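Descriptive structure summary
Residue-level listing of the chains:
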Amino acid sequence: MTLSRRKVIAGGAAVLAGSSIPWPATAKAAPSLHQRLICLDTHLDTPSSLARPGWDMMQHHDRDQDSTQVDYPRMVEGGLDGGFFAIYTPQGPLTPEGMAAARDAALLRAVQIRELVAAHPRQFELALVAEDAARIAVVGKRIVYQSIENAYPLGDDIGLLNLFHKLGVRMLGFIHFKNNQFGDSATDTPQWNGLSPKGRELAALGNDLGMVLDASHASDAVFDQLMEISRSPIILSHSGCRAVFDHPRNIDDARIKKLAAAGGTIQINSYNTYLITVPPNPERDKARAALGQKTRSLAGLTPAQQAAGMQEVARERREIETRYPEPRATFEMYMRHVTHALDLVGPDHVGVGCDWDGGGGVTGMEDVTAIPKITERLVKLGYTESQLAGFWGGNALRVLKAAHEARKISS
Ligand SMILES: [Zn+2]
C-alpha cells in the first residue's frame, strides 16, 4: 500500500467516525492534516475542460498557459479528493430552439463526465450517495459527484430531470446569470418575484428524486422560497458573504443563519468579482468578447486545428490581461469570507466551492494545488481535525444524505 493510500484511509475514518484513527507507529512519516481529510469542492467547472481538443485530465497543466485550474495531478498535489463536477449551461434564449440546443449540450457534458470516469477507473469513480465518498477515497480514487448549474436545459420538460438523475446528478442549481423559466437570478431584474410556477414544480421533483437544491446564483427571493418549500436542507454550492463584500451573488448574514438553522451549508466561492470591486473597462470587455467569438469559431475545425487555435486563444488571453490589468482579490480576501461565515454559524455549516475552472481563484490561491493553505490557516485559528473534516466535505455530505433520505422516488 502506498503512503498516499494510507493518507486517504485515515481521512475516511475521520469523516465517518468524527475523529481520526491513530497513525501506525511503523509509518515513516505522518501525512499532513490536510492530506488526511476527505476534501471536496462543491462547485468544479472542470467538465468544461473535458471538451477542449487535446486537453488531457491526466496531465499536469499550467494555469498561465491554458487557464485551467484542476486536473488529476493537481488534485492529488492539492489534496482535493473530489467534489461536485458541474454540468454548466450558459443562459440562452428561452425559445424551443435555444432550449433544445441547451438540452443537447448538457446531456453531452454529462456523458463527458461519465467518459472521464470510464476511461480512468483506477483514478476516478462516480459517486451517487453520501456514503460513496469515504468508500472511494479509501482506495485512493477521486470522488466524482455531479451537479447541474442552470436548469435551463430542461426546457419545458421538467421530467428530463429524471434522466439527469439516472445519469448520476445529485445537486440541482436552478439559475445562472440571467432569469430563466424557473425563476429569478441574483444578477438580473426580478421577473417572477422568486421561483416561477415551473420552478416550484422543479423544486418538488428535485426533492422527490433526493437531489440537493442549490440556491447559488438565485435571487434572495428564490433562496427564501426554496428554504420554505424544500423538504431537506438546501446548499449554496459557491457563494460568499455580503457582509464582507456587497455583491448580489453573495448572501446576507440573516439568510446564512437561516440556512444553518435548517441544517444547510454555505460553500465559499473564490470568484474575483464577488470579492473585489472591478471598475468597468469597455475596451477589456470588447477584447474579451472578440476572443470569446474566436473560441466559438474553432468548433467546426479539425481536432488538430482546434488544439492550435486554443493555444493561440490562451496567448491572446494573456495579452489582454497584460494590456488591461484587472484588480485581483487576494487569498486574505477569500479567507475573510470563510472566517466570517465560520464565526457566524460555526464549522458545521461552512465549506468550499471555489468555482475552479469557472472564474475562481485569487492571488495566492491560483489553482487547486493551493488549497492546503486554507486548512493551514484554519488550524492556526484553532479549528480541530474533526471540525475541518466537516468543513472540507462532511457538511456537504450531510446535506446530500438528508436529501437522499427525504426522497420519494426510489431508483
Ligand atoms: Zn457559478
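Computed from a predicted structure; not experimentally measured. (Residues numbered from 1 in each chain as written. Predicted model: local features only at pLDDT ≥ 70, side-chain atom pairs only at ≥ 80, totals over all residues. Heavy atoms only, no water.)

1. Here's the deal with the side chain of Gln146
Worth spelling out the cut-off: Helix numbering and strand numbering both begin at the N terminus, where a helix is a DSSP run of H or I of at least 4 residues and a strand a DSSP run of E of at least 2. With a 1.4 Å probe rolled over the protein chains alone, any residue whose accessible area is under 20% of its type maximum counts as buried; one over 50% counts as exposed, and the rest are partly exposed. Pairs of N or O atoms within 3.5 Å make up the polar contacts considered here, provided that, within protein, one atom can donate a hydrogen while the other can accept it, and that residues adjacent in sequence are counted only when both atoms are side-chain atoms. The contact criterion used throughout is that any non-hydrogen atoms of two residues lie within 4.5 Å.
Here Gln146 is to be found in strand β4 (residues 142–149). Given a relative accessible area of 1%, Gln146 falls into the buried group. Among the polar contacts listed, one links the side chain of Gln146 to the backbone oxygen of Leu167, at a separation of 2.9 Å. For Gln146, the residues in contact, after removing those within four places along its chain, are Phe84, Phe85, Ile87, Ala110, Ile113, Arg114, Leu126, Leu167, Gly168, Val169, Arg170 and Met171.

2. Notes on the coordination of the zinc ion
Operational definition: Excluding water, the donors of a metal are its N, O and S neighbours within 2.8 Å, or within 3.2 Å for Na, K and Ca, and that exclusion means sites may look incomplete.
Protein ligation of the zinc ion involves Glu149 (OE), His217 (NE2) and His238 (NE2), the donor distances falling in the range 2.0 to 2.2 Å. Counting gaps between the donor residues of the zinc ion yields the pattern E-x67-H-x20-H. Of this pair, Glu149 sits in strand β4 while His238 sits in strand β7 (residues 235–241), and the two are 89 residues apart along the sequence. Take Glu149 and His238: they sit in the same class, and that class is buried.

3. Points about unusual backbone geometry
Positive phi, close to 55 degrees, is recorded for Asn193, a residue that is not glycine. On the accessibility criterion, Asn193 (61% relative accessible area) is exposed. The phi dihedral of Asp355 falls on the positive side, at around 65 degrees, and the residue is not glycine. With respect to the helices, strands and loops of the structure, Asp355 is situated in the loop between β10 (350–352) and α15 (372–380). Look at Asp355 and you get buried, because its relative accessible area is 3%.

4. Section: the pattern of salt bridges
Short version of the rule: One speaks of a salt bridge when a side-chain nitrogen belonging to Lys or Arg is within 4 Å of a carboxyl oxygen belonging to Asp or Glu.
Applying the stated criterion to the full structure yields 27 salt bridges. For the salt bridge of Asp104 with Arg103, the shortest nitrogen-to-oxygen distance reads 3.1 Å. Since its relative accessible area comes to 44%, Asp104 is described here as partly exposed. A relative accessible area of 33% places Arg103 in the partly exposed class. Salt bridges sharing partners connect three or more residues here, namely Asp220, Asp224, Arg242, Asp252, Arg255 and Lys258.

5. Points about the packing of helix α10 (residues 220–229) against helix α11 (residues 253–261)
Going by this rule: Between the N-to-C directions of two axes lies an angle of 0 to 180 degrees, each axis being a line fitted to C-alpha atoms and, for a helix, fitted only over the stretch in contact. Orientation categories follow fixed angle ranges, with anything under 35 degrees roughly parallel, anything over 145 roughly antiparallel, 65 to 115 roughly perpendicular, and all other angles oblique. Take the far helix as your reference; a near helix turned counterclockwise from it by less than a right angle gives a left-handed crossing, and one turned clockwise gives a right-handed crossing. Residue polarity follows a fixed list, in which Ala, Val, Leu, Ile, Met, Phe, Trp, Tyr, Cys and Pro are nonpolar, Asp, Glu, Lys and Arg are charged, and the others, Gly among them, are polar.
Two elements in contact, α10 and α11, have axes whose closest approach is 11 Å; the angle formed by their N-to-C orientations is 20 degrees. By the criterion of interaxial angle, the relationship of α10 to α11 is roughly parallel. Note that α10 runs across α11; the crossing there is left-handed. Contacts between α10 and α11 involve Asp220, Phe223, Asp224 and Met227 from the former and Arg255, Lys258 and Leu259 from the latter. Of the residues that constitute the contact of α10 with α11, the class distribution is three nonpolar, no polar and four charged.

6. Looking at the environment of Leu116
Locating Leu116 in the fold gives a position in helix α6 (residues 96–119). Assessed through its relative accessible area of 7%, Leu116 is described here as buried. A C-alpha to C-alpha distance of 28 Å links Leu116 and Asp208, two positions 92 residues apart in sequence. Sequence-distant contacts of Leu116, that is, excluding residues within four places in its chain, are made with Leu50, Met57 and Phe124.

7. Regarding the side chain of Arg170
Rules: Neither His nor the chain ends is counted toward charge; the positive residues are Lys and Arg and the negative residues Asp and Glu.
Note that Arg170 resides in strand β5 (residues 169–173). Here Arg170 occupies a buried position and makes no salt bridge, while the nearest side chain of opposite charge, Asp132, is found at 7.5 Å. A distance of 2.8 Å separates a polar atom in the side chain of Arg170 from the backbone oxygen of His165.

8. Topic: the nonpolar core
Here is the rule: Take the buried Ala, Val, Leu, Ile, Met, Phe, Trp, Tyr and Cys residues and link them wherever side-chain atoms come within 4.5 Å; each set so joined is a nonpolar core.
Of all hydrophobic cores here, the largest spans 82 residues; its most connected members are Phe174, Tyr334 and Ile374. At seven residues, helix α14 (residues 331–345) tops the list of elements feeding residues into this core. Those residues in contact with Ile374 that lie beyond four places of it in its chain are Phe331, Tyr334, Met335, Val352, Met365, Phe391 and Trp392.

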